[in-house]
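Breakdown of the fold
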Amino acid sequence: MKKLFITSVFALGSLTAFAQEEQATEAAETATEAAAQDAFSEVALEEVPEAVTAMVETNYPGATINAAAKNEANQYKLEVSLEDGTSGALIVDEEGNAVEQ
């Protein structure tokens with residue numbers, strides 16, 4: 001009886017270990033995909049399309065674009081400062097549409 005109990009405990013423990021390993025692998029793959037999507041390279045402010053700067057001027061009057069970066073999907077990550085001293089980041093496509101993260 002003891003052998004049966006010990007064997008079942010080992011079997012259950014090994015199944016749990018395999019399930020945890022699979023979840024860890026899936027989480028790592030998801031993180032890698034997100035990092036690839038978030039791979040922005042810094043660009044000069046002059047390279048930011050007019051549609052993007054117009055969107056910032058329209059939606060955030062008086063805002064200043066401090067830095068810009070672009071990814072492979074032609075999305076721009078902008079660091080913006082408002083007149084009241086607050087700052088934040090925006091992600092916008094090349095046509096000036098906001099991108100949800």
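See the structure printed just above.
This text gives an overview of the structure that appears in the document. This one's a predicted model, so the numbers in the text were calculated from it and none came from an experiment.

1. What about the environment of D84?
- Within the fold, D84 resides in the loop between β3 (75-81) and β4 (87-93).
- Here D84 falls in the exposed class, since its relative accessible area comes to 60%.
- Sequence-wise, D84 and A63 are 21 residues apart; in three dimensions their C-alpha atoms are separated by 9.3 Å.
- A distance of 2.7 Å separates the side chain of D84 from the side chain of T86, its partner in a polar contact.

2. A closer look at the pairing of strand β2 (residues 64-70)
- Summarising the sheet, strand β1 (residues 41-43) and β2 pair through three bridges and their orientation is antiparallel. In the sheet register, V43 faces β2, and the bridge partner there is A68.
- When β2 meets β3, the two strands line up antiparallel, connected through six bridges. By the bridge assignment for β3, A69 is matched with K77.
- What sits between the antiparallel neighbours β2 and β3 is a turn of four residues, in which N74 has the positive phi angle 60°.

Here is what the cut-offs are and how they apply
Residues numbered from 1 in each chain as written. Predicted model: local features only at pLDDT ≥ 70, side-chain atom pairs only at ≥ 80, totals over all residues. Heavy atoms only, no water. Helix = DSSP H or I, 4+ residues; strand = E, 2+ residues; numbered from the N terminus. Buried < 20%, exposed > 50% of the residue type's maximum accessible area, 1.4 Å probe, protein only. Polar contact = N/O pair within 3.5 Å; in protein donor to acceptor, adjacent residues only side chain to side chain. Pairing = 2+ DSSP bridges.

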